[in-house]
Amino acid sequence: MGELISMYQGLDTMQQVFWGCAIVASVIFIVQFLLTMMGLDHSDVDVDFDGSDTMDLGNGINLFSIKNFVNFFLGFGWAGICLRDAITNKALLMLASLAVGCLFVAMFVFIYKQTRKLEKNGAFDIHDCLDKAASVYMRIPAGCQGKGKIQISIDGSVHEIYALTDEDEIPSGQTVKVTEILDGETVKVINTQYNLVI
């Protein structure tokens, strides 16, 4: 361990950044992958900004999520390490690494979208959500002024669907109850913190 620390300290600052990003992102990526294989990884955390622009990419994908940050730093870190000898100019190396990081995000978003399309071809019926409890995945604006997202478990499978509410804004992580099916991908919910669920 001491030798590894000495090797790391002997690197220049840029390479220390690349190695740090690569190692941390790789560990988190492997953990996420193992949880997914075991069917335990049902959630992700969005970096939620105020306002109507949530950078929603569709199919339950948000650009600013923990997974996408991990994917970016995974590509960024390993690109900086692998291209070190090929690109000696530090500015160009940084730009190339940033580009690879963005490419990793785009690649994983594409794969995730294709996976979600396959899931939607399954037997899931949104009407099965009626009167069920769910967890808010992306905050739901007040007074039906915008859509949020909820995660709901139906027959052992977790689904992400759009949600509206007539009530005050409902923050991420809050438990809600589905009260109405609005269309094939949107429901109306109430906040169970202020409403008795029967």
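Residues numbered from 1 in each chain as written. Predicted model: local features only at pLDDT ≥ 70, side-chain atom pairs only at ≥ 80, totals over all residues. Heavy atoms only, no water.

### Some remarks on the packing of aromatic side chains
And step 1. What the rule picks out here adds up to seven aromatic pairs.
And step 2. Here Phe73 and Phe76 contribute two aromatic rings whose centre-to-centre distance is 6.4 Å and whose plane-to-plane angle is 85°, an arrangement assigned as edge-to-face. Placement of both Phe73 and Phe76 in helix α3 (residues 66-82) is noted, with a separation of three residues, approximately one turn of the helix.
And step 3. Overall, Phe76 belongs to the buried group, its relative accessible area being 6%.
And step 4. With a centroid separation of 6.2 Å and an interplanar angle of 50°, the aromatic rings of Phe104 and Phe108 are classed as tilted. One end of the pair is Phe104 and the other is Phe108, both in helix α4 (residues 90-120) and four residues apart, which spans about a single turn.
And step 5. Accessibility expressed as a relative area gives 21% for Phe108, which makes it partly exposed.
And step 6. Every member of this aromatic cluster is reached through a ring pair, and the members are Phe18, Phe72, Phe73 and Phe76. (Phe/Tyr/Trp six-rings, centres within 6.5 Å; stacked < 30°, edge-to-face > 60°. Helix = DSSP H or I, 4+ residues; strand = E, 2+ residues; numbered from the N terminus. Buried < 20%, exposed > 50% of the residue type's maximum accessible area, 1.4 Å probe, protein only.)

### Some details on helix α2 (residues 13-37)
And step 1. Taking 1.5 Å of rise per residue, the 25 residues of α2 would be expected to cover 36 Å, and the 36 Å separating its terminal C-alpha atoms lies within 8% of that figure.
And step 2. For α2, the set of buried residues is Met14, Gln15, Gln16, Phe18, Cys21, Ala22, Ala25, Ser26 and Gln32.
And step 3. Where α2 begins, the capping side chain belongs to Asp12, and its oxygen is found 3.1 Å from the backbone nitrogen of Met14. (Expected span 1.5 Å × (residues − 1). Polar contact = N/O pair within 3.5 Å; in protein donor to acceptor, adjacent residues only side chain to side chain.)

### Let's talk about α3
And step 1. Between its first and last C-alpha, α3 extends 24 Å over 17 residues, near the 24 Å set by a 1.5 Å rise per residue.
And step 2. Within the span of α3, buried status applies to Asn68, Val70, Asn71, Phe72, Leu74, Gly75, Phe76, Gly77, Ala79, Gly80 and Ile81.

### Observations regarding the environment of Ile66
And step 1. With respect to the helices, strands and loops of the structure, Ile66 is situated in helix α3.
And step 2. Counting along the chain gives 38 residues from Ile66 to Ile28, while the straight-line C-alpha distance between them is 10.0 Å.

### Let's talk about a nonpolar patch on the surface
And step 1. Judged by side-chain polarity, Ile30, Phe33, Leu34, Met37 and Met38 come together as a nonpolar surface patch covering roughly 540 Å² of accessible area.
And step 2. Tracing the backbone shows Met38 in the loop between α2 and β1 (56-58). (Patch = residues over 30% accessible without salt bridge, like charges linked within 9 Å, V, L, I, M, F, W, Y side chains within 5 Å. Areas by Shrake-Rupley, 256 points an atom, 1.4 Å probe, with all protein chains shown as cover. Salt bridge = Lys/Arg side-chain N within 4 Å of Asp/Glu carboxyl O.)

### A closer look at the pairing of strand β3 (residues 133-138)
Looking along a regular strand, one sees side chains alternate from face to face of the sheet.
And step 1. Of the pairings in the sheet, the one linking β3 to strand β6 (residues 175-181) comprises three bridges and is antiparallel in character. Within the sheet, the bridge partner assigned to Ala134 lies in β6 and is Val176. (Pairing = 2+ DSSP bridges.)

### With respect to the pattern of salt bridges
And step 1. Under the criterion given, the structure shown has three salt bridges.
And step 2. Notably, a salt bridge pairs Asp85 with Arg84, separated by 3.9 Å at the nearest N-O pair.
And step 3. A residue is classified by how much of its surface remains accessible, and Asp85, at 65% relative accessible area, is exposed.
And step 4. Residue classification places Arg84 among the partly exposed residues on the basis of a relative accessible area of 37%.
And step 5. The partner of Lys188 in a salt bridge is Asp166, with the nearest N and O atoms 3.3 Å apart. In this pair, Lys188 is assigned in strand β7 (residues 186-191) and Asp166 in the loop between β5 (157-164) and β6, connecting sequence segments 22 residues apart.
And step 6. Classification of Lys188 by relative accessible area gives buried; the value is 16%.

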